[in-house]
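An overview of the molecular structure
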Amino acid sequence: MMRISAFTRFTARHIMLLLGLAIVFFMSLAALCAPIFAPYPPFALHLEHILEPPSSQFWLGTDRLGRDVFSRMLYGGRVSLWVGFVAVGISVSIGTALGLISGYFRHWVDEAVMRAVDIMLCFPSFFLILAVIAFLEPDMTNIMIVIGLTSWMGVARLVRAETLSLREREFVDAARLAGVSSWRILLLHILPNALAPVLISATLGVAGAILVESSLSFLGLGVQPPTASWGNMLMEGKAVIEIAPWLSVYPGLAILITVLGYNLLGESLRDMLDPRMRQ
Amino acid sequence: MTSTASLPRRRTTGIAARTAKKTLWLLLTLLGITLISFFVIHLAPGSPTDTETTLNPLAGEAARKQLETLYGLDRPLYVQYFDWVVRLLHFDFGNSMSADARPVLTKIAERLPLTIGVNVISLLLVLLISIPLGIITACKQNSLLDRLTTILVFLGFAMPSFWLALLLMLFFGIEHQWFPVSGLTSLNFSELDFFGKCADIAAHLALPVTVYTIGGLAGMSRYMRACMLEVLRHDYILTARAKGLPEHAVILRHALRNALLPVITLLGLSVPGLIGGSVIIESIFALPGLGQLFYAAVMARDYTMIMGNLVLGAVLTLAGNLLADFCYGFADPRIHSAGGRT
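Here, residues in each chain are numbered from 1, in the same order as that chain's written sequence. Each chain gets a letter, beginning with A, and each ligand a number, beginning with 1, in the order they are written. pLDDT decides what is reported in this predicted model: residues at 70 or higher carry local features, side-chain atom pairs at 80 or more are listed and counted, and totals for whole chains, interfaces and linings draw on all residues regardless. The basis for every side-chain value is the complete set of heavy atoms in the structure, and neither hydrogens nor water enter the calculation.

Some words on the overall build of chain B
Helix and strand counts for chain B stand at 13 helices and zero strands. The helix and strand labels rest on DSSP assignments: H or I over at least four residues marks a helix, E over at least two residues marks a strand, and numbering proceeds from the N terminus. Going residue by residue from the N terminus, the α and β elements of chain B occur as α-α-α-α-α-α-α-α-α-α-α-α-α. Classification of residues uses two cut-offs on accessible area relative to the type maximum, computed with a 1.4 Å probe and protein chains only: under 20% is buried, over 50% is exposed, and between them is partly exposed. The buried share of chain B, taken over its 342 residues, is 42%. In this analysis, two residues are considered to be in contact whenever any of their non-hydrogen atoms come within 4.5 Å of each other. Considering only contacts within chain B whose residues lie at least 6 apart along the sequence, 70% involve residues at least 24 apart. Per-residue and other accessible areas follow the Shrake-Rupley method at a 1.4 Å probe size, with only the shown protein chains counted as cover for residues. Roughly 18,100 Å² of accessible area belongs to chain B as shown, and the carbon and sulfur atoms make up 70% of that amount.

Section: the confidence of the model for chain B
Residue and element names in this part refer to chain B. Per-residue confidence from the predictor is reported as pLDDT, a score between 0 and 100. The predicted model of chain B has a mean per-residue pLDDT of 80, with 89% of residues at 70 or higher. Per-residue pLDDT, averaged within each element of chain B, yields its smallest value for helix H13 (residues 333–341) (49) and its largest for helix H4 (residues 104–139) (89). Every residue in residues 337–342 scores below 50 in pLDDT, and together they form three contacts with partners more than four places removed in sequence or on other chains. Both scores are available for the predicted complex, with the pTM at 0.84 and the ipTM at 0.85.

A few points about the packing of helix H6 (residues 161–175) of chain B against helix H10 (residues 271–284) of chain B
Residue and element names in this part refer to chain B. Angles run from 0 to 180 degrees between N-to-C directions of axes, and those axes are lines fitted to C-alpha atoms, restricted for helices to the stretch in contact. Following both chains from N to C, one finds H6 and H10 inclined at 25°, their axes separated by 10 Å at the closest point. By the angle between their directions, the pair H6 and H10 is classed as roughly parallel. Crossing hand, H6 versus H10: right-handed. The segment H6 lies against H10, with Ser 161, Phe 162, Ala 165 and Met 169 engaging Ile 280, Ile 281 and Ile 284. In terms of residue class, the contact of H6 with H10 is made up of six nonpolar, one polar and no charged. Relative orientations are named as follows: roughly parallel for angles under 35 degrees, roughly antiparallel for angles over 145 degrees, roughly perpendicular for angles from 65 to 115 degrees, and oblique for any other angle. Crossings are sorted by hand: turned counterclockwise from the far helix by less than a right angle, the near helix makes the crossing left-handed, and turned clockwise it makes it right-handed. Note on residue categories: nonpolar means Ala, Val, Leu, Ile, Met, Phe, Trp, Tyr, Cys or Pro, charged means Asp, Glu, Lys or Arg, and polar means any other residue, Gly included.

Written as structure tokens, this is what we have:
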């Protein structure tokens, strides 16, 4: 009896966290095991079943080449998650490195980095991303790099703020007095203590990157057909929205749920790890 | 006598110095943005001459050379940049490098009113809904309405704007045919009288404005609630309550004004997102706005046009920041005194 009530209390208090974890887990599982779960290969054409509504044979219907929408969505999930993770990996690495350096060395380094952050924040970044991707031939690698290079500013600010306060703490003084080099202090003493905000913004960053990637693909400047991504499936769906509305519905639902999952996870991590931001 | 006379003067010089410093910084930022954009765009593969030469079997290498000389693309990049900046100082953005080779500024000026208009209308709607919503959810924390709003806010954050647009088109445009789904005017627009024209444009803008508004609503109402909660925690709210003011006076007169300050800043910071979002929404609804112009320019590698749009976007963003700063200083007396001291 005791244990049940403790369990329900935990569930009630951390409903956001649990929901976020569940979504992230199932979406990752679906993407990783796409070849196992998908009833058909993503490029298999069923020319006698073009634009069929959802049925027991094709769970979410077929597109205008007769490809199974459900299978393509599973493979599209791989693309979205992969782009999200790599893009965030790039932006978090840049942001953390710059934040650590500018917070620790301060003075002109700090000034230069923070000015760069200000400039990048004033960029109409979606314009720039669009232009660069269109010029570089849209493919997954370019998209990941460009999203990563234009979204590191938030992490840099957070890590800098964290470093500024950590560098005044006793354990850092102790390390400095013991003759530890600046770089060692940064990597071994400050970085591990500044990881909480990094983790939070990385989780939220995955959600943001997935949204940018799907917007680009929707405009035809992201992942190129025939490779499936949720964005380009919606683009193809829009062309036939009047006769096959299901093509414009399900891939968007997948984006919504995935982004929701990462946002829920990120926000509840923030509530738990960062008491200053608690409301 | 002297002290009362010198106090306002010192305050004005403080503000003047701050403004000058701020302006200088803004100009430097703008220069940085143009520098990065110019080199990124010009160094990337492809050229504005592609559509007229490489993709045209009748045009040879000679025609390409000729076009490059015409556009000045045969000169070293730094010369091109310097030339471009000098002309920019005279508000000359150059001519479009596409078949429709009118001045960039003219082409932008045709498109700007629609994009700005739609964004301003949606922003006003967002404020109109999210400010009261933020106040109510902050005052009645953990109420049913608060919880419901939180759920909607999370859904709003996760909703891709283009998908929302598709769903609205599907439901209001195709299923029920209440609103037209694309373009700015109907086919019989020229035959309508003045009010008919207004109604026609309003009907065409209904769905795009809804998409923009829902997109902005989540962030703004969440932020408004957080700011309100933060303000309500302060001592002066306790004081106001302690001296027996009615609750609505405490909330509306004492708390709201302070809670609105950060919201003003957020408005200024949301400009780049709005400009970027217009590319997607205008392309879905086939609205002849700035976003569509930019998309076409990117596809044609129309360098002068892309640069013109990027500069305009940056200027609007910086203006948004400056305006936010100004309003902030205007609404918060503590900033005046801080400015006077430096």
